[in-house]
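Here's the letter readout for the chains.
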Amino acid sequence: MTSERTRVLTGITTTGTPHLGNYVGAIRPTVQASRNNATEGFYFLADYHALIKCDEPARIQRSTLEIAASWIASGLDPEKVTFYRQSDIPQIPELTWLLTCVTGKGVLNRAHAYKAATDKNHAAGHDTDADVTAGLFMYPVLMGADILMFKAHKVPVGRDQIQHIEMARDMAASFNHLYGEHFVLPEAVVEESVALLPGLDGRKMSKSYDNTIPLFAPSAQMRKQINAIVTDSRLPGQAKSTEGSALFQIYQAFASAEETAQFAQAFADGIAWGDAKQHLFERIDREIAPMRATYEDLIHNPDKVERLLQLGAEKARARSAPFMAELRSAVGLRSLSAKAAVQTVKTIKAAAPQFKQYREKDGLFYFKFVNPHGEAVLQSKGFASPRDAGLAIAQLTQQGASALEVLQAQLEPISDKLRGQVLENLSFMHLNSDK
Ligand code: TRP
């Protein structure tokens, strides 16, 4: 058996400058996970996704550079993982179309991002789809293609993205049901311990609230922004509450348990807010400063980043190109040349379900019906002669479902779960039997 590493995949949309919230919530945990040798990492810049919310070309390009540089400066090793830009992989939009054709429109109607937009329109008395692009509507399918293309097992995401992973699973299952087992069913991984970082005003740190602290701002600017974190008006010497303190929560996201406990003590002892901010700045800077030089170097040498992304794209396409060829053939987008047709028939034959006959120690003759994956879906009881077993098999292949009823007494009970599979495989045999 080949030992297959667990594939972990995640992407970041390239619409903004990475901030401390992105670092704590996405960049740092993915870099840590990428060091685990039991996993194989796929990390990418979701620039097709960026087009859904951003129509400023320069900003998308800049953000792609900044996010790529942040990931690398934070310790992501492009040699060890597959690190790429989504739009360098032409098979992703191609797969998006195949998935579009197995995804219910009603399912997409219920996707959170689209629903939020239409709910807002309703509330404002506008047309349901006013200002909603088809891109926003199709967002989950593009994301499904990102994930399914590389057969990811685990997808680390924020809570708001869980629904998209569930949709990707459904797309994979529908496709597999129609065309055979091609896709792995992915799972969302939501790290409970990863803090949702509060921003300057105490709400979740987010570009849309304009309350962020850029990850690699020059240190003087970072100090200034930390000084702008909102606090209450307690004076030096007055005990302060850690509960609900954005300053404390940001500190906690960078500090060890021991440091955090000391900081909590300082709060209880009435540390001045100015001193607390100084502590916070120093703690963050201790982690970020060593990476800042790498970041600056990459930002000023975008060619270096471009080269890394090109290498990553080659690695990624070495997977996506052959897989896409397999998928195209599976759905019937195939060459018409005779040779190709013969090959296709061969693969069908190889993947056909079969009856297997055998004799047991009890001297009786048995058969089982095996699906294309080699799993028994039907098991007979013992027959007195091989001929009797053969007759039962002939009846099953020729009559399908009705023979299942007639032969009930000679077969082991079929679970409801397998019944559909048995029927599907029997009808396959029936269609393909050369009578
Ligand atoms: N939609 C994700 C976000 O906004 C980014 C993303 C795009 C992604 N494709 C993905 C994340 C595939 C995980 C897997 O956060």
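Keep in mind the model is a prediction, meaning the values are calculated, not measured.

### Looking at the sheet that holds strand 7 (residues 365–370)
Moving on, step 1. Across the sheet, three strands lie side by side as 6-7-8; this open sheet has antiparallel pairing. Two strands lie at the open edges of the sheet, namely strand 6 (354–359) and strand 8 (376–379), each paired on one side alone. Each adjacent strand pair in this sheet contributes to an overall mean axis angle of 30°, direction not counted.
Moving on, step 2. Here strand 6 runs beside strand 7; their pairing, made up of six bridges, is antiparallel. Bridging from a neighbouring strand, Arg359 pairs with Phe365 of strand 7.
Moving on, step 3. Each of strand 6, strand 7 and strand 8 is contacted by helix 15 (residues 386–399), which is oriented at about 165° to strand 6, the strand it contacts most.

### Some points on the site of the ligand
Moving on, step 1. By nearness alone, 14 residues border the ligand, and His49, Tyr139, Met143, Asp146 and Gln161 come closest of all.
Moving on, step 2. At 3.4 Å, a side-chain N or O of Thr13 approaches an oxygen atom of the ligand.
Moving on, step 3. Asp146 places a side-chain nitrogen or oxygen 2.7 Å from a nitrogen atom of the ligand.
Moving on, step 4. Burial of the ligand by the protein amounts to 88% of the accessible area it has alone, namely 370 Å².
Moving on, step 5. When contributions to the shell around the ligand are tallied by element, the ones reaching two or more residues are strand 1 (6–13), strand 2 (39–46) and helix 7 (134–149).
Moving on, step 6. Residue classes in the shell around the ligand are distributed as eight nonpolar, five polar and one charged.

### Structural notes on helix 4 (residues 91–100)
Moving on, step 1. Among the 10 residues that make up helix 4, seven are buried, leaving the element largely enclosed by the rest of the structure.
Moving on, step 2. For helix 4, the full list of buried residues reads Gln91, Ile92, Leu95, Thr96, Leu98, Leu99 and Thr100.
Moving on, step 3. Next to the buried residues of helix 4 lie helix 7, helix 8 (162–179) and helix 13 (302–331).

About the cut-offs
Residues numbered from 1 in each chain as written. Predicted model: local features only at pLDDT ≥ 70, side-chain atom pairs only at ≥ 80, totals over all residues. Heavy atoms only, no water. Pairing = 2+ DSSP bridges. Helix = DSSP H or I, 4+ residues; strand = E, 2+ residues; numbered from the N terminus. Axes fitted to C-alpha atoms, helices over the stretch in contact; angles between N-to-C directions. Contact = heavy atoms within 4.5 Å. Near = heavy atom within 4 Å. Polar contact = N/O pair within 3.5 Å; in protein donor to acceptor, adjacent residues only side chain to side chain. Areas by Shrake-Rupley, 256 points an atom, 1.4 Å probe, with all protein chains shown as cover. Nonpolar A, V, L, I, M, F, W, Y, C, P; charged D, E, K, R; others polar. Buried < 20%, exposed > 50% of the residue type's maximum accessible area, 1.4 Å probe, protein only.

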